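Listed here are the chains, written in short residue letters.
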Amino acid sequence: MNSKEKERQSDATKDFVKDKYFEGGNFLLKLRQTLVTLAFWWMIIFPLLTLINSVSRQRIWRNIYRWTWADGLILARDLFIMVILSLLVFIIIGGFFLLRNNRNLKKNYPERKTYDEERAAPRCAILEEAYTERFGNREFRENVDYYSVVPEKNLDTGFAHERFKDGGYPYE
């Protein structure tokens with residue numbers, strides 16, 4: 001890959017979300033996030049191992065706590081309360097985000113343009129000209145019920161990019 005392609009690729013990806021964890025370097029960040037993740041996984045797995053060890057007929061793991069039935073009832077009640085509260089919080093937060101997303105889809109996104117109309121107009125004209133040349137005028141294309149494209153008229157992979165470049169509007 002030459003320098004021009006690398007520059008174009010970096011320009012294309014500059015607006016994407018970047019994660020420092022997956023970039024080169026950042027050893028302390030990776031170490032900290034990995035340790036925190038492992039600690040939280042242990043907080044999920046250890047109670048499950050305790051439960052499995054306690055409800056099995058024989059002790060499976062010697063170093064993991066095995067509760068008696070009296071202890072188990074208290075632990076089971078506490079776990080049940082935690083699960084119910086977690087589900088409620090998940091449902092409330094999930095519902096909030098669902099309503100927010102639906103509102104954005106219905107009200108905000110249709111009103112907001114995600115492209116520059118002035119820059120897109122010449123490109124649309126170039127494509128319209130190419131489509132008219134290959135497939136007929138717009139009215140015909142929009143009103144025809146069935147149209148079979150001969151293999152010679154199929155669009156190549158870089159068709160639009162080549163047309164834009166030839167028309168003086170290189171794809172960026």
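In short, a report on the structure.

Cut-offs applied
- Within each chain, residue numbers correspond to sequence positions counted from 1 in written order.
- Only residues with pLDDT of 70 or above have their local features reported here, since the model is predicted, and side-chain atom pairs are shown and tallied only from 80 upward, although totals for entire chains, interfaces and linings are computed over all residues.
- Hydrogens and waters are ignored; side-chain quantities use all the structure's heavy atoms.
- Counting from the N terminus, the helices are DSSP H or I runs at least four residues long and the strands are E runs at least two residues long.
- Burial status follows relative accessibility: with a 1.4 Å probe on protein chains alone, a residue under 20% of its type maximum counts as buried, one over 50% as exposed, and anything between as partly exposed.
- Should any heavy atoms of two residues lie within 4.5 Å, those residues are considered in contact.
- Using a 1.4 Å probe, the Shrake-Rupley method yields the accessible areas, and only the shown protein chains count as cover for residues.
- In summary, the pairing rule links any two rings of Phe, Tyr or Trp, Trp by its six-membered ring, whose centres are within 6.5 Å, and it sorts them by plane angle into stacked for under 30 degrees, edge-to-face for over 60 and tilted for everything else.
- What a helix should span is 1.5 Å times the count of its residues minus one.
- Definition of nonpolar core: a set of buried residues of the types Ala, Val, Leu, Ile, Met, Phe, Trp, Tyr and Cys, connected through side-chain atoms within 4.5 Å.
- A residue's bend is the angle separating two fitted axes: one through the seven residues that end there, the other through the seven that start there.
- When a carboxyl oxygen of Asp or Glu lies within 4 Å of a side-chain nitrogen of Lys or Arg, that pair is called a salt bridge.
- By the counting rule applied here, Lys and Arg register as positive and Asp and Glu as negative, while His and the ends of each chain are not counted.
- A fitted line through C-alpha atoms represents every axis, and for helices the fit uses only the stretch in contact; the resulting angles, taken between N-to-C directions, go from 0 to 180 degrees.
- Here a crossing is called left-handed whenever its near helix is offset anticlockwise from the far helix by less than a right angle, and right-handed whenever the offset is clockwise.

## Details of the overall build of the protein chain
Part 1 of the argument: The number of helices and strands found in the protein chain is six helices and zero strands.
Part 2 of the argument: Listed N to C, the secondary structure of the protein chain is α-α-α-α-α-α in terms of helices and strands.
Part 3 of the argument: Evaluated residue by residue, the protein chain yields a buried proportion of 11% over its 172 residues.
Part 4 of the argument: Across the protein chain, every contact between residues at least 6 apart in sequence was considered, and the portion connecting residues at least 24 apart equals 27%.
Part 5 of the argument: For the protein chain, the exposed area adds up to about 15500 Å²; of that, 61% sits on carbon and sulfur atoms.

## A word on unusual backbone geometry
Part 1 of the argument: Even without glycine at this site, Asn 26 takes up a positive phi of about 55°.
Part 2 of the argument: With respect to the helices and strands, Asn 26 occurs in the loop between α1 (3-13) and α2 (27-55).

## Considerations on the packing of aromatic side chains
Part 1 of the argument: Counting across every chain of the model gives four aromatic pairs.
Part 2 of the argument: Taken together, a centroid distance of 5.3 Å and an interplanar angle of 40° make the contact between Trp 42 and Phe 46 tilted. Taken as a pair, Trp 42 and Phe 46 lie in helix α2 at a separation of four residues, close to a single helical turn.
Part 3 of the argument: What makes Trp 42 partly exposed here is its relative accessible area of 47%.

## Re α2
Part 1 of the argument: Taking 1.5 Å of rise per residue, the 29 residues of α2 would be expected to cover 42 Å, and the 42 Å separating its terminal C-alpha atoms lies within 8% of that figure.
Part 2 of the argument: All buried positions along α2 are accounted for by Leu 29, Leu 49, Thr 50, Asn 53 and Ser 54.

## Brief notes about the nonpolar core
Part 1 of the argument: Listed in full, the five residues of the largest apolar core are Ile 126, Leu 127, Ala 130, Phe 159 and Phe 164.
Part 2 of the argument: Ranked by residue count, the leading element in this core is helix α4 (residues 117-135), at three residues.
Part 3 of the argument: Residues within four places of Leu 127 in sequence aside, it is in contact with Phe 159, Ala 160 and Phe 164.

## Some points on helix α3 (residues 69-111)
Part 1 of the argument: Counted at 1.5 Å a residue, the expected span for α3 with its 43 residues is 63 Å, and the 61 Å between its end C-alpha atoms agrees.
Part 2 of the argument: Taken as a whole, α3 carries its principal kink of about 40° at Asn 104.

## So, the pattern of salt bridges
Working definition: two side chains of opposite charge can pair if their charged atoms are close together.
Part 1 of the argument: Summed over the entire model, instances satisfying the criterion amount to five salt bridges.
Part 2 of the argument: Between Asp 78 and Arg 77 there is a salt bridge whose closest N-O contact spans 3.2 Å.
Part 3 of the argument: Taking relative accessible area as the criterion, Asp 78 reaches 33% and is therefore assigned partly exposed.

## So, the side chain of Arg 134
Part 1 of the argument: Mapping Arg 134 onto the fold places it in helix α4.
Part 2 of the argument: For the buried Arg 134, no salt bridge is present, and the opposite-charge side chain at shortest range is Asp 156, 5.2 Å distant.
Part 3 of the argument: The residues touching Arg 134, leaving out its near neighbours within four places in the chain, are Tyr 147, Glu 152, Lys 153, Asn 154, Leu 155 and Phe 159.

## Regarding the packing of α4 against helix α6 (residues 159-166)
Part 1 of the argument: Two numbers describe how α4 lies on α6: the axes approach to 10 Å, and their chain directions differ by 115°. Where α4 crosses over α6, the two elements pack in a sense that is right-handed. Residues Arg 123, Ile 126, Leu 127, Ala 130, Tyr 131, Glu 133 and Arg 134 of α4 form the contact with α6, whose own contacting residues are Phe 159, Ala 160, Arg 163 and Phe 164.

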